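What follows is each chain in one-letter form.
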Amino acid sequence: MPAAKFEIIRNCKVCGTPFQAKTIDSWYCCTKCSKVAWKRRKDEEIRMQKLDTIVKKIPKSKELISVPEAYALFGISKETIYRLVRKGAITSTNLGERQIRLSKEELMKLYPLRRKALEKPKAVPKLYSMEEKDCYTIGEVSKKYKLDDSTVYLHIRKYSIPTRQIGNYVYVPKKEIDNLYKGMKI
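Now for a description of the structure that goes with this document.

Cut-offs applied
Residues numbered from 1 in each chain as written. Predicted model: local features only at pLDDT ≥ 70, side-chain atom pairs only at ≥ 80, totals over all residues. Heavy atoms only, no water. Axes fitted to C-alpha atoms, helices over the stretch in contact; angles between N-to-C directions. Helix = DSSP H or I, 4+ residues; strand = E, 2+ residues; numbered from the N terminus. Left-handed = near helix turned anticlockwise from the far one by under 90°. Contact = heavy atoms within 4.5 Å. Nonpolar A, V, L, I, M, F, W, Y, C, P; charged D, E, K, R; others polar. Core = buried A, V, L, I, M, F, W, Y, C linked by side-chain atoms within 4.5 Å. Buried < 20%, exposed > 50% of the residue type's maximum accessible area, 1.4 Å probe, protein only.

It is at 9 Å that the axes of helix α1 (residues 31-57) and helix α2 (residues 67-74) come closest, and there the two elements cross at 115°. Crossing angle aside, the handedness with which α1 passes α2 is left-handed. In this structure, α1 uses R47, L51, I54 and V55 to contact α2, whose residues at the interface are E69, Y71, A72 and L73. The residue makeup of the contact of α1 with α2, split by class, is six nonpolar, no polar and two charged.

The next thing to look at is the packing of α2 against helix α3 (residues 78-87). Across the interface, α2 lies against α3 with an axial gap of 9 Å and an inter-helix angle of 115°. In the packing of α2 onto α3, the handedness of the crossing is right-handed. Across the interface between the two elements, V67, A70 and Y71 from α2 touch K78, I81 and Y82 from α3. Of the residues that constitute the contact of α2 with α3, the class distribution is five nonpolar, no polar and one charged.

It is characteristic of soluble globular proteins that their nonpolar side chains tend to be buried jointly. If you look at the biggest cluster of nonpolar residues, it comprises 20 residues, and the most contacted ones within it are V141, Y145, V152, I156, V172, I177 and Y181. For this core, the secondary-structure elements that each account for two or more residues are β2 (18-21), α5 (138-145), α6 (149-158), β8 (169-173) and α7 (174-180). Broken down by element, this core gets its largest block of residues, three residues, from α5. When neighbours within four sequence positions are excluded, Y181 is seen to be in contact with I24, V141, Y145, L147, V152 and H155.

Interpretation in functional terms is not warranted from these geometric data alone.
The following block contains the structure:
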């Protein structure tokens, strides 16, 4: 496979060290950082699933909730909850050792409910201005970023960037192309 004619310098999302990205999709400097990021994502998914199961067990009519239930419902840390109880910002009832109950209504006034981790946000279609002033032609992109036309077409197809053809020219949104090649040394 031929070498690319461009360099993309990025900071690793795990360790923060700068590295030269071999592809546009590269976000980690090495396989170790990639595995660490994957493990973090999976651990977060498992943690959110556990919180969701706790939330499902709480009856809606229940007015007083425990600290772990408040953590699962609102996503605020246990330390923050205990600090609010000590300050008197939230009224609490102590039913015994490890038996503090909090008012769900008071917590709802202070904090919004935690978004469910398993719910994927709905994809909002992007609106593009496909006017000639807001777009590059393929030739302009290849000159600006010193790429072959075929490479530009490949990236456009790979990342589903919309195109518009007027006569012999194919136009692509400037915003998408600039985001795609952001951080690339020319």
